[in-house]
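# Coordinate inspection notes
Below are the chains, spelled out letter by letter.
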2 protein chains.
Amino acid sequence: MDHNIPDPSVRRLSAYLRQLERLAGEGTRHVSSRQLAGYIKAGDAQVRRDLALFGQFGRRGVGYEVDDLINVLRTILGTRQRQWPVVVVGAGEICHALLTYRGFRQRGFDVVAAFDIDPKKIGRTIGGVDVLPMEDCAPVIQRLEVRLAILAVPADAADETARRLCECGIEGILNFATTGLEVPEGVFVSEADITSHLEQLSFRLTSHRP
Amino acid sequence: MDHNIPDPSVRRLSAYLRQLERLAGEGTRHVSSRQLAGYIKAGDAQVRRDLALFGQFGRRGVGYEVDDLINVLRTILGTRQRQWPVVVVGAGEICHALLTYRGFRQRGFDVVAAFDIDPKKIGRTIGGVDVLPMEDCAPVIQRLEVRLAILAVPADAADETARRLCECGIEGILNFATTGLEVPEGVFVSEADITSHLEQLSFRLTSHRP
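Residues numbered from 1 in each chain as written. Chains lettered and ligands numbered in written order. Predicted model: local features only at pLDDT ≥ 70, side-chain atom pairs only at ≥ 80, totals over all residues. Heavy atoms only, no water.

The next subject is the overall build of chain A. Counting secondary structure elements, chain A contains nine helices and nine strands. Projected onto its principal axes, the C-alpha coordinates of chain A cover approximately 60 × 45 × 35 Å. Classification of the 210 residues of chain A by burial places 51% in the buried group. A separation of at least 24 residues holds for 54% of the contacts in chain A among residues at least 6 apart in sequence. As displayed, chain A offers around 9800 Å² of accessible surface, 48% of which is attributable to carbon and sulfur atoms. (Helix = DSSP H or I, 4+ residues; strand = E, 2+ residues; numbered from the N terminus. Buried < 20%, exposed > 50% of the residue type's maximum accessible area, 1.4 Å probe, protein only. Contact = heavy atoms within 4.5 Å. Areas by Shrake-Rupley, 256 points an atom, 1.4 Å probe, with all protein chains shown as cover.)

In structure tokens:
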């Protein structure tokens, strides 16, 4: 599989998968590239191009089998073959929201532990997940072979915490800190900063009314 | 201003702004396109192309003035001219995390109210923001001229709630629901689904080790 696939294509794969899961839940068995395109406001040629990066799926005139395409996309995204254990660092409000959300597990992600430096937070259990001291981070990550971490610490602690996680073997960081991260080569960062999401929208509303 | 700017470019503008704000906080006054590129792991030609969409900034051999470029980017993203009032719909854990986070206001966004249908949540105050009944949504949005909403309701209520928000005049929705939204033409959606962020990472870790 080519690792030069651009981020926007990967993001669309997730968006297709969300729509297909929704269609499957409604009992729909077939979908056309035009329908899939409509849900995410792209062209149907875009959908076909995105999927063609990975093989030949769907049949002319019939479209895609919903269940098949769900399996294909999960295989591509890496969530069909395995559950990914995930740690959360920083046991504040975002962590709380994440741990009480039950949807991760059915989508292939399993939060196995949370870490914090605050003695008042350590020892608590949130949504069935224990909050452990930061010192336990390395042994837990190594024992459970964790490769993904969610970073939910204040901005001024983000770089230092990310460095520590990478030293423990973390290879992918979902960053909720409101600052860009500097990470070693080979470590991937996905930015979840909410302000940036809002800026996407304010840009669209501003640029449409110059 | 051109409204055909693609989403990935706009996302990079936000990323540049985050880095510049960080540099400004550290007292840095000048930055090159190469330095800016390094922070977000893009090429320096990419940075220059993204900025050239909006005008001529920076000087050859000197680079960009950090404070100037912050102002330019905020102007482009629409957060320099004004504060954007924002409503949150769904007063659960995500709402809680959003309302206790104080960083929005300094970045141009001001959460003015939260709404829920649950009588146990209505009447509470979270982070200084009142949780109001859904019936108050339309009058509040109209009175305060709110154009942006954060949708944090369960997946099965997302479409209906989004439809209602658009009827009230909302033009941009930040969607935390784990489902794609169908919205009228002219309404913008930014997807904040956390599972999709994790899938970006699992894809990268999977495709690098086929």
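Here the focus is helix α3 (residues 44-52) of chain B. Residues and elements named next belong to chain B. Taken together, the buried positions of α3 are Q46, V47, D50 and L51. Along the long axis of α3, the arc covered by the buried residues comes to 125°, so they all point the same way. Relative to its buried face, α3 has exposed residues pointing more than 90 degrees away, namely R49 and A52. On its buried side, α3 packs onto α1 (7-25), α2 (33-40), β2 (64-65) and α4 (66-77). (Arc of directions from axis to C-beta.)

The domain architecture assigned to chain A consists of domain 1 (7-76) and domain 2 (84-196). One C-alpha centre belongs to domain 1 of chain A, the other to domain 2 of chain A; they are set 30 Å apart. (Domains from an automatic or database assignment.)

To continue, consider the relation of the copies chain A and chain B. Rotating chain A by 180° about the axis while translating it 0.0 Å along that axis superimposes it on chain B, leaving an RMSD of 0.0 Å. Taken together, the rotation angle and the small translation identify this as a two-fold axis. (Least-squares fit on C-alpha atoms with pLDDT ≥ 70 in both.)

This brings us to the sheet that holds strand β6 (residues 129-133) of chain A. All names here are of chain A. Strand order in this open sheet of seven strands is β5-β6-β4-β3-β7-β8-β9, and the pairing throughout is mixed. Each of the sheet's edge strands pairs with one partner strand only, and the pair in question is β5 (125-126) and β9 (188-191). Along the sheet, helix α8 (residues 155-168) contacts β3 (84-89), β7 (148-151) and β8 (172-175); its crossing angle with β7, the most-contacted strand, is approximately 165°. (Pairing = 2+ DSSP bridges. Axes fitted to C-alpha atoms, helices over the stretch in contact; angles between N-to-C directions.)

All names here are of chain A. If you check the backbone angles, E145 has positive phi at about 50° while not being a glycine. You can see E145 is positioned in the loop between α7 (137-143) and β7. The class for E145 is exposed, based on a relative accessible area of 61%.

All right, on to the sheet that holds strand β9 (residues 188-191) of chain B then. Residue and element names in this part refer to chain B. Ordered in space as β5-β6-β4-β3-β7-β8-β9, the seven strands form an open sheet in which the pairing is mixed. Each edge of the sheet is formed by a strand with only one pairing partner; in this case those strands are β5 (125-126) and β9. Here three bridges tie strand β4 (residues 109-116) to strand β6 (residues 129-133), and the two strands are oriented parallel to one another. Counted as the bridge partner of D116 is P133 from β6. Lying on the sheet, helix α8 (residues 155-168) is in contact with β3 (84-89), β7 (148-151) and β8 (172-175); it crosses β7 at an angle near 165°.

Okay, the packing of helix α1 (residues 7-25) of chain A against helix α3 (residues 44-52) of chain A next. Angle between the axes and distance between the axes are the two parameters that describe a pair of packed helices. All names here are of chain A. Where α1 contacts α3, the axes come no closer than 10 Å and their chain directions differ by 105°. Here α3 runs roughly perpendicular to α1, going by the angle between their axes. When α1 is examined against α3, the residues S9, R12, L13 and Y16 are found in contact with a partner set consisting of Q46, V47, D50 and L51. Across the contact of α1 with α3, the residue classes tally to four nonpolar, two polar and two charged. (Parallel < 35°, antiparallel > 145°, perpendicular 65-115°, else oblique. Nonpolar A, V, L, I, M, F, W, Y, C, P; charged D, E, K, R; others polar.)

The next point concerns the environment of W84(A). Residues and elements named next belong to chain A. With respect to the helices, strands and loops of the structure, W84 is situated in strand β3. Remark: the alpha-carbon pair of W84 and A97, spanning 13 residues in sequence, is separated by 19 Å. Looking at W84, its side chain comes within polar contact range of the main-chain oxygen of G78, at 2.7 Å. (Polar contact = N/O pair within 3.5 Å; in protein donor to acceptor, adjacent residues only side chain to side chain.)

Our next topic: the interface of chain A and chain B. Facing 73 residues of chain A, the contacting portion of chain B comprises 73 residues. Carbon and sulfur atoms make up 60% of the surface buried where chain A meets chain B, a total of about 6600 Å² over both sides. Here chain A is connected to chain B by eight salt bridges. Between D7(A) and R204(B) there is a salt bridge, with its nearest N and O atoms 2.8 Å apart. Here chain A and chain B share 26 residue pairs in polar contact (both at pLDDT 80 or more) between them. Elements with a minimum of two residues in the side of chain A that touches chain B: α1, α4 (66-77), α5 (93-100), β7, β8, β9 and α9 (194-207) of chain A. Considering each element in turn, the side of chain A that touches chain B owes the most residues, 14 residues, to α9(A). Here the residues of the side of chain A that touches chain B are counted per class, giving 34 nonpolar, 22 polar and 17 charged. (Buried area = accessible area lost by both parts, 1.4 Å probe. Salt bridge = Lys/Arg side-chain N within 4 Å of Asp/Glu carboxyl O.)

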